[in-house]
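Coordinate analysis (summary)
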Amino acid sequence: MMTPHIQAIASDVCVAGQLDPSAMAWAAQNGFKSVINNRPDFEGGPEQPSSTEMQAAALAAGLQYAHLPVSPSLHSEQEIARMAQLLAELPRPVLLYCRSGARSARLYQSATSL
């Protein structure tokens, strides 16, 4: 497994591009407690790991997992509110991911400016 490229956007929040199931063990070993997947299933085609696969790997690694799929361009008020709720409920540090990390970072910024 290649080490994921992650970017810290807060003291206890990082973002990453698309992860694979093996990255869940890496995340746990590196201190993360939760993962939020912001990518709709198969947005990138059939080779993209499904949320079900990612959740199984996260749980096996001892991580909490949430799937909040959002479009790359527009985040609804409901999606932003759900992200704020997840950020309030899930143990930190938390790792958010999408295709490139940018969507997760924007969603985080929107959710924390409510």
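Preceding this paragraph is the structure being described.
To keep things clear, this report deals only with the structure shown in the data block. (Residues numbered from 1 in each chain as written. Predicted model: local features only at pLDDT ≥ 70, side-chain atom pairs only at ≥ 80, totals over all residues. Heavy atoms only, no water.)

When you go through the protein residue by residue, the secondary structure sums to 4 helices and 5 strands. Counted from the first residue to the last, the protein has its helices and strands arranged as β-β-α-β-α-β-α-β-α. Computed over the C-alpha atoms, the radius of gyration of the protein is 13 Å, within 12% of the 13 Å expected from 2.2 N^0.38 for a compact globule of 114 residues. Taking the principal axes of the C-alpha coordinates as reference, the protein spans close to 35 × 30 × 20 Å. Classification of the 114 residues of the protein by burial places 43% in the buried group. (Helix = DSSP H or I, 4+ residues; strand = E, 2+ residues; numbered from the N terminus. Rg over C-alpha atoms; globule rule 2.2 N^0.38 Å. Buried < 20%, exposed > 50% of the residue type's maximum accessible area, 1.4 Å probe, protein only.)

Time to look at the pairing of strand β4 (residues 64–67). Along any regular strand the residues' side chains alternate between the sheet's two faces. Relative to β4, strand β3 (residues 34–37) runs parallel, the two being bridged by 4 bridges. Paired with Val35 across the strands is Tyr65, a residue of β4. In this view, the connection linking β3 to its parallel neighbour β4 by way of helix α2 (residues 51–60) has right-handed handedness. (Pairing = 2+ DSSP bridges. Right-handed = clockwise from strand over helix to strand, strands pointing away.)

This next bit is on the packing of aromatic side chains. All chains considered together, the criterion is met by 1 aromatic pair. An angle of 35° between the planes, with centres 6.4 Å apart, marks the rings of Trp26 and Phe32 as tilted. The two residues Trp26 and Phe32 agree in class, both being buried. (Phe/Tyr/Trp six-rings, centres within 6.5 Å; stacked < 30°, edge-to-face > 60°.)

This brings us to the environment of Ala102. Checked against the element boundaries, Ala102 lands in helix α4 (residues 102–112). For the pair Ala102 and Ala16, spaced 86 residues apart in sequence, the C-alpha separation works out to 8.3 Å.

None of the figures reported here should be taken as evidence of function without further support.
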